[in-house]
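Structure assessment
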Amino acid sequence: MAATLRWIGRHWRAILLVLALPLLLWLAALAGWGLLMLAGALWHGFWLLAAFVRAALPG
C-alpha cells in the first residue's frame, strides 16, 4: 500500500494528464468544429451578400 502511494505521489502529474487527455481532445475537436462552422458561415454569408448586391444593381 505504501509503495503504491509513493508511486502515485511520484507520478501524479502523468496520471492527471492521462485522465484529462480525452477531455482535452474533445475540447480541441469542438474548437475545430466551431472554427469550421465559422468559416462556412463567412463563406456562404459573403456569397449571399454578393447575390443581394448584384440583384440590387441596375441592369
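Keep in mind the model is a prediction, meaning the values are calculated, not measured.

Each value, and the rule that gives it
- Residues numbered from 1 in each chain as written.
- Predicted model: local features only at pLDDT ≥ 70, side-chain atom pairs only at ≥ 80, totals over all residues.
- Heavy atoms only, no water.
- Helix = DSSP H or I, 4+ residues; strand = E, 2+ residues; numbered from the N terminus.
- Expected span 1.5 Å × (residues − 1).
- Bend = angle between axes of the 7 residues up to and from the residue.
- Buried < 20%, exposed > 50% of the residue type's maximum accessible area, 1.4 Å probe, protein only.
- Phe/Tyr/Trp six-rings, centres within 6.5 Å; stacked < 30°, edge-to-face > 60°.

Here helix 1 (residues 2-56) is 55 residues long and its end C-alpha atoms lie 79 Å apart, about the 81 Å a rise of 1.5 Å per residue gives. Residue H11 marks the point of greatest curvature in helix 1, where the axis turns by about 70 degrees.

A few words now on the environment of A51. For A51, the position within the fold is in helix 1. Classification of A51 as partly exposed rests on a relative accessible area of 44%. Residues A51 and A39 lie 12 residues apart in sequence; the distance between their C-alpha atoms is 19 Å.

Time to look at the packing of aromatic side chains. Here the structure, examined in full by the defined rule, presents 2 aromatic pairs. A ring pair is formed by W43 and W47, whose centres lie 5.8 Å apart and whose planes are at 70 degrees; its orientation type is edge-to-face. Of the two residues, W43 and W47 both sit in helix 1, 4 residues apart, roughly one turn of that helix. Between F46 and W47, the ring centres sit 5.1 Å apart and the planes meet at 75 degrees, which makes this aromatic pair edge-to-face. With a relative accessible area of 47%, W47 lands in the partly exposed category. These aromatic residues form a ring-pair network of at least three members: W43, F46 and W47.

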